[in-house]
Amino acid sequence: MNLYVLLKMVPDTVEELNVSADGQSLDSEFLRFKLSEPDDHALEQALLLKEKHGGTVTVVALDAPEVDDVLFTALAKGGDRAVKIPIAQAGLGTAASAGVLAAFFAAPGAITPDTLLLPGSQAIDDLEGELAPLLAAALNLPYVGVVCGVQAADGKATILKEFAGGLRAEFEVALPAVLGIQSAEKPPRYVPVAKVRAAMKSATIDTAELAPPDRPVQLDIARLYKPEAAGRAEMVEGAPADVADKLVDVLAKHSVV
Amino acid sequence: MANPILVLAEQVRGELADITFEMLGAGRALAIASGAPLYAALLGSEAAPLAAKLGAADKVFTVEHPHLDLAPAGTVAAALKGLVDHTQAGLVLLGCTNVSLGIGSMLAAHSGLPLVNFCRAITFQAGTLTCTSQLFGGKILSDVKLADGRGIVSVYPGAFPVDAGKHDGTPPVEKVDLAVEAPKAVFKRYVEPETGDVDITKQDVLVGVGRGIQTQDNVQLAEDLAQILGGAVCASRPVIDQGWLPLSRQVGKSGMTVKPRVYLALGISGAPEHWEGMQNAQCIIAVNTDPKAPIFDGAHYGVVGDVLELLPVLTEKIKARKAT
Ligand SMILES: Cc1cc2nc3c(=O)[nH]c(=O)nc-3n(C[C@H](O)[C@H](O)[C@H](O)COP(=O)(O)OP(=O)(O)OC[C@H]3O[C@@H](n4cnc5c(N)ncnc54)[C@H](O)[C@@H]3O)c2cc1C
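Right, let's talk about the packing of helix H3 (residues 94-105) of chain A against helix H4 (residues 131-139) of chain A for a bit. Helices that pack against each other are described as a pair by the angle of their axes relative to one another and the distance between those axes. All names here are of chain A. As a packed pair, H3 and H4 sit with axes 9 Å apart at the nearest point and diverge in direction by 45°. Relative to H4, the element H3 lies oblique. The way H3 lies across H4 gives a crossing that is right-handed. Across from Thr 94, Ala 95, Ser 97, Ala 98, Leu 101, Ala 102 and Phe 105 in H3, the residues of H4 making contact are Leu 131, Leu 134, Leu 135, Ala 138 and Leu 139. Here the residues of the contact of H3 with H4 are counted per class, giving 10 nonpolar, 2 polar and no charged.

Take the site of the ligand next. Lining the immediate surroundings of the ligand are 29 residues, of which Arg 211, Ser 236, Ser 269, Glu 273 and Asn 288 of chain B lie closest. Each of chains A and B places residues next to the ligand. Here a nitrogen atom of the ligand sits 3.0 Å away from a polar atom, N or O, in the side chain of Asp 306 of chain B. Val 307 of chain B is positioned with one of its backbone polar atoms (N or O) 2.9 Å from a nitrogen atom of the ligand. Considered on its own, the ligand offers 990 Å² of accessible surface; in the complex 89% of this is hidden by protein. Elements with a minimum of two residues in the shell around the ligand: helix H6 (237-241) and helix H7 (272-278) of chain B.

On to the pattern of salt bridges. Residues and elements named next belong to chain B. The final tally for this structure, using the stated rule, is 33 salt bridges over all chains. In this structure, Arg 28 and Asp 58 form a salt bridge, with 3.0 Å as the shortest nitrogen-oxygen distance. Here Arg 28, found in helix H1 (residues 18-34), pairs with Asp 58, found in the loop between helix H2 (47-51) and strand E5 (59-63); they are 30 residues apart in sequence, far enough to count as distant. Asp 58 gets classed as partly exposed once you look at its relative accessible area, which sits at 34%. Residues Lys 253 and Glu 276 are paired through a salt bridge, measuring 2.9 Å at the closest nitrogen-oxygen approach.

For the rest of this paragraph, the subject is the domain arrangement of chain B. Residues and elements named next belong to chain B. Taken as a whole, chain B is organised into domain 1 (5-175) and domain 2 (200-323). Across the contact, 11 residues belong to domain 1 and 13 residues belong to domain 2. Carbon and sulfur atoms supply 48% of the area that domain 1 and domain 2 bury against each other, a total of about 840 Å² over both sides. Along the contact surface separating domain 1 from domain 2 lie 1 salt bridge. Among the ionic pairs, Lys 139 bridges to Asp 290, the shortest N-O distance being 2.7 Å. Our count for the contact surface shared by domain 1 and domain 2 stands at 4 residue pairs in polar contact (both at pLDDT 80 or more). Among the residues making up the side of domain 1 that touches domain 2, the classes are represented as 3 nonpolar, 6 polar and 2 charged.

Attention now moves to the sheet that holds strand E7 (residues 143-153) of chain A. A sheet is described by the order of its strands in space; here 10 strands give the open sequence E11(A)-E5(A)-E4(A)-E1(A)-E6(A)-E10(A)-E7(A)-E8(A)-E9(A)-E12(B), paired in mixed fashion. Pairing within the sheet leaves two strands with one partner each, and these edge strands are strand E11 (205-207) of chain A together with strand E12 (185-191) of chain B. When strand polarity is set aside, the average angle formed by the axes of neighbouring strands in this sheet is 30°. Against the sheet, helix H2 (residues 67-77) of chain A makes contact with strand E1 (2-7), strand E4 (56-63), strand E5 (81-88) and E11 of chain A, and its axis sits at roughly 165° relative to E5 of chain A, the strand it touches most. Lying on the sheet, H3 of chain A is in contact with E1, E4, E5 and strand E6 (115-119) of chain A; it crosses E5 of chain A at an angle near 135°.

Reading the values: rules and limits
Within each chain, residues carry numbers counting from 1 in the order of the written sequence. Note on labels: chains are lettered from A, ligands numbered from 1, in written order. Local features are withheld for residues below a pLDDT of 70 in this predicted model, meaning they are given only at 70 or higher, and side-chain atom pairs are given and counted only at 80 or more; totals for whole chains, interfaces and linings count all residues. Values shown for side chains rest on all heavy atoms present in the structure; no hydrogens or waters enter the calculation. Inter-axis angles, ranging from 0 to 180 degrees, are taken between N-to-C directions of lines fitted to C-alpha atoms, where helices are fitted over the stretch in contact. Helix and strand assignments follow DSSP, with helices taken as H or I runs no shorter than four residues and strands as E runs no shorter than two, numbered in order from the N terminus. Oblique is the label for any angle not under 35 degrees, not over 145, and not in the 65 to 115 range, which are roughly parallel, roughly antiparallel and roughly perpendicular in turn. By convention the crossing between two helices is left-handed if the near helix lies anticlockwise of the far one by an angle smaller than a right angle, and right-handed if it lies clockwise. Any pair of residues with heavy atoms lying within 4.5 Å of one another is described as a contacting pair. The residue classification treats Ala, Val, Leu, Ile, Met, Phe, Trp, Tyr, Cys and Pro as nonpolar and Asp, Glu, Lys and Arg as charged. All others, Gly included, are polar. Proximity criterion: a residue is near a molecule or strand once any of its heavy atoms comes within 4 Å of it. Here a polar contact is taken to be a pair of N or O atoms separated by no more than 3.5 Å, where protein atoms must pair a possible hydrogen donor with a possible acceptor and residues adjacent in sequence count only if both atoms sit in side chains. What sets the accessible areas is the Shrake-Rupley method with a 1.4 Å probe; for residues, cover comes only from the shown protein chains. Salt bridges are defined by distance alone: a side-chain nitrogen of Lys or Arg within 4 Å of a carboxyl oxygen of Asp or Glu. The cut-offs for exposure are 20% and 50% of the maximum accessible area for each residue type, with area from a 1.4 Å probe on protein chains only; residues under the lower value are buried, those over the upper are exposed, and the others partly exposed. Where a domain begins and ends is set by an automatic assignment or by a domain database. Accessible-area loss on putting two parts together, using a 1.4 Å probe and summing over both, is the definition of buried area adopted here. Each pair of strands is called paired provided DSSP finds at least two bridges between the two strands.

Take a look at the structure:
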């Protein structure tokens with residue numbers, strides 16, 4: 001199979017996020033980036049499919065801080081080829097990113113009859129929409145999102161899509177197709193740092209030159225801001241033993257102790 | 001903003017989902033503020049009996065075609081585009097749900113209308129429509145302005161009250177004939193939820209654990225607390241994805257919706273997809289090392305601290321209190 005995984009860097013939300021002075025973007029000074037979590041699952045799903053059916057896994061990313069590490073990590077995990085598009089992801093809305101990636105896949109030979117494009121289902125900054133359906137629309141390919149399982153056979157994929165309440169449904173789709181991956185069938189694999197270092201020494205990241213988008217952002221963003229402190233929780237403070245005492249009182253108030 | 005507002009009714013297994021009424025309520029408020037009519041779009045072969053329940057809309061437009069039953073986003077978006085053209089709708093509301101995910105993006109790509117995702121509030125003031133969205137797992141909000149009130153808005157479940165969108169009256173219904181292409185992804189069968197050992201939707205007390213619990217072994221600390229409280233342990237998605245607890249214990253968008261008397265959120269950041277599953281708990285107690293964690297915006301009680309440190313102490317204290 002010809003498997004492509006689209007990797008995107010997002011701010012690590014464990015860190016404090018601040019809005020820059022213009023009120024339009026995040027203050028990049030202290031931002032730490034990490035791979036968008038569903039994209040990590042998409043990579044794992046691609047590697048599982050390759051192990052079962054053979055083929056190649058190509059990881060593709062726009063330029064972003066720390067993205068080289070992520071691309072080399074993907075190669076160390078079993079990816080065959082890494083491609084970086086030297087257009088900065090920062091400042092691009094999802095629609096513009098989808099446009100750039102659609103141009104990448106429009107190159108002759110990129111999409112073969114056994115191709116699956118595997119972006120993550122959604123990213124935490126997808127204000128303009130998700131990459132997977134936007135890419136599918138641009139390339140006129142079938143799309144299913146919130147995917148948590150993929151089986152392939154005879155030019156088709158059988159996909160498990162999540163609904164609510166633990167309900168899932170099976171869909172069948174002819175390849176080539178775009179699947180927005182939510183969870184891989186197994187937790188993303190761990191790769192030792194030594195292997196990543198080895199990949200950094202032996203492997204290369206290819207570059208694909210493409211035209212930057214005309215309209216980096218589609219939406220008229222008036223402002224970004226932090227949620228107001230109003231309505232926040234009543235904070236319980238003190239040493240663990242004091243906190244526990246106070247929580248027991250709360251639990252007693254709600255008649256569960 | 002004189003163009004109609006069109007709400008995409010969402011159905012699961014022949015029932016209208018709550019999000020449909022939440023959006024109709026939100027749409028009605030906008031309709032009153034702007035003077036635009038409020039329409040509902042209902043797609044699929046079983047549309048007729050459901051249309052009668054959409055009395056909050058001024059009119060319901062149906063496209064009745066078997067291709068639209070459990071159709072993929074592309075097929076739904078194409079039909080919805082047909083209805084947008086037919087009704088001249090300027091604003092489309094749809095659910096930020098697993099069922100509808102991707103429809104808004106596809107409709108945006110085909111119609112040229114901008115999409116605003118992750119929306120929690122919509123206001124119409126002095127001729128300007130502003131959508132407030134939750135980004136970065138709830139850590140940042142954004143206000144987006146839609147020129148002339150034109151656009152597609154994907155609305156989070158739980159952002160608007162259900163009751164505001166429920167009306168007894170029977171709405172006028174127009175059946176629209178549209179050519180519907182065969183879907184490119186075909187529904188095969190449902191895979192029913194695993195029935196677990198415990199039904200977390202029936203518990204008075206839930207001890208919810210998130211990534212902050214750090215290891216599978218630590219889940220036992222939460223089990224101990226749940227046991228002494230006569231409740232059960234549930235979890236956020238990363239804990240389930242790691243295989244530390246079964247899928248039947250997942251709370252949130254893809255998991256269960258729970259309404260216990262007390263919900264302890266331990267090492268859970270409070271991302272919107274988790275929040276929508278437990279927001280109606282009577283009492284939410286959050287424990288998190290990050291004082292800026294979004295869970296504190298909605299919880300009733302908050303503790304900034306390490307759950308691994310607090311859990312054993314809390315369990316012991318409850319044992320002691322029970323013994324007295
Ligand atoms: C389509 C879709 C469907 C989804 N469905 C669901 C769903 O059904 N349910 C769900 O939960 N999520 C769902 N998600 C995922 C959701 O977006 C979040 O990624 C997820 O809820 C985060 O889980 P978490 O809070 O455990 O992890 P994180 O966001 O990583 O938060 C971990 C928290 O633990 C804190 N912490 C770390 N160490 C400690 C410690 N020692 N003591 C105390 N606190 C600590 C950190 O400060 C942080 O706030 C879905 C996402 C998508 C896109």
